Amino acid sequence: MDYQPLTTHHSPYAMKHTLFILIFFICGCTASVKQKDLIGRWNYVSYAYENKSLDKPLANIASQKPFIQFFEDGKCRIVSSGKTLSEGTYTLDGKIIRYMEELPDGQTRPVPFLIKSLSAEELVFQTMDAEVKIITAKKAK
């Protein structure tokens, strides 16, 4: 029996087709987050920069008690030290929270977050800007 490398038996079309199926399968396996699973208050328990070389101070979670709260009507707020730091609206796009922050001057600013994991008790999400911050939060009871 004469063995030849697989690449000689596949046309560029077949390779593209296989790649398309692989990408479709990978994308199809990432389930969308349901709004009902996100609703509620999520108390931050830890956060860190993804790039460990960033030498920026992080707020003291124990004293500032930060949290993010998602409401059924699509509103959201971020609170720290008992003060609202940010308010706005959100929508879900797969595993992305598309938060639209309302600025004091009446303008809005998009602030997307990527949900890394979500269970009934824990939410792990990250910012999607140059200085990626990963936040772990526990659902308030």
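So, here's what we can say about the structure. (Residues numbered from 1 in each chain as written. Predicted model: local features only at pLDDT ≥ 70, side-chain atom pairs only at ≥ 80, totals over all residues. Heavy atoms only, no water.)

### Observations regarding the pattern of salt bridges
Part 1 of the argument: Taken as a whole and assessed by the stated rule, the structure comprises four salt bridges.
Part 2 of the argument: For Arg98, the salt bridge is made with Asp93, and the minimal N-O distance between the two is 3.1 Å.
Part 3 of the argument: Overall, the relative accessible area of 42% leaves Asp93 in the partly exposed class.
Part 4 of the argument: The closest approach of N and O atoms between Lys138 and Glu122, which form a salt bridge, is 3.0 Å. You can see Lys138 sitting in strand β8 (residues 133-139) and its partner Glu122 sitting in strand β7 (residues 122-127), a full 16 residues away along the chain. (Salt bridge = Lys/Arg side-chain N within 4 Å of Asp/Glu carboxyl O. Buried < 20%, exposed > 50% of the residue type's maximum accessible area, 1.4 Å probe, protein only. Helix = DSSP H or I, 4+ residues; strand = E, 2+ residues; numbered from the N terminus.)

### As for the layout of surface pockets
Part 1 of the argument: What the largest pocket holds in volume is close to 530 Å³.
Part 2 of the argument: If you list the elements that add at least two residues to the lining of the largest pocket, you get β1 (40-49), β3 (75-80), β4 (83-93), β5 (96-102), β6 (108-118) and β8.
Part 3 of the argument: Tallying contributions element by element places β6 first for the lining of the largest pocket, with four residues.
Part 4 of the argument: When the residues that make up the lining of the largest pocket are grouped by side-chain class, the tally is 13 nonpolar, four polar and five charged. (1 Å grid on protein atoms, 1.4 Å probe; cavity = no way out; pocket = protein on both sides within 12 Å on 5 of 7 lines; lining within 4 Å. Points joined across faces, edges and corners; volume = space filled by probe spheres on them. Nonpolar A, V, L, I, M, F, W, Y, C, P; charged D, E, K, R; others polar.)

### Details of the packing of aromatic side chains
Part 1 of the argument: Summed over all chains, the structure comprises five aromatic pairs.
Part 2 of the argument: Ring centres of Phe113 and Phe125 lie 5.3 Å apart, and the angle between their planes is 85°; on these two criteria the pair is classed as edge-to-face. Taken as a pair, Phe113 in strand β6 and Phe125 in strand β7 lie far apart in primary sequence, twelve residues in all.
Part 3 of the argument: On the basis of relative accessibility, which here comes to 6%, the residue Phe113 falls in the buried class.
Part 4 of the argument: With relative accessibility at 1%, the residue Phe125 sits in the buried group.
Part 5 of the argument: Cluster of aromatic residues (ring-pair linked, three or more members): Tyr44, Tyr47, Tyr99, Phe113 and Phe125.
Part 6 of the argument: One residue, Arg41, lies across the ring of Phe67, its end atom 3.6 Å from the ring centre. (Phe/Tyr/Trp six-rings, centres within 6.5 Å; stacked < 30°, edge-to-face > 60°. Lys NZ or Arg CZ within 6 Å of the ring centre and 35° of its normal.)

### Describing the pairing of β5
Part 1 of the argument: Summarising the sheet, β4 and β5 pair through six bridges and their orientation is antiparallel. Within β5, the residue paired with Gly88 across the bridge is Glu101.
Part 2 of the argument: Counted along the chain from β4 to the antiparallel partner β5, the turn is two residues long, and its residue Gly94 has a positive phi close to 70°.
Part 3 of the argument: Here β5 runs beside β6; their pairing, made up of seven bridges, is antiparallel. The residue bridging Ile97 from the neighbouring strand is Phe113, located in β6.
Part 4 of the argument: Following β5, the chain reverses through five residues before pairing antiparallel with β6; Gly106 in that reversal takes a positive phi of roughly 90°. (Pairing = 2+ DSSP bridges.)

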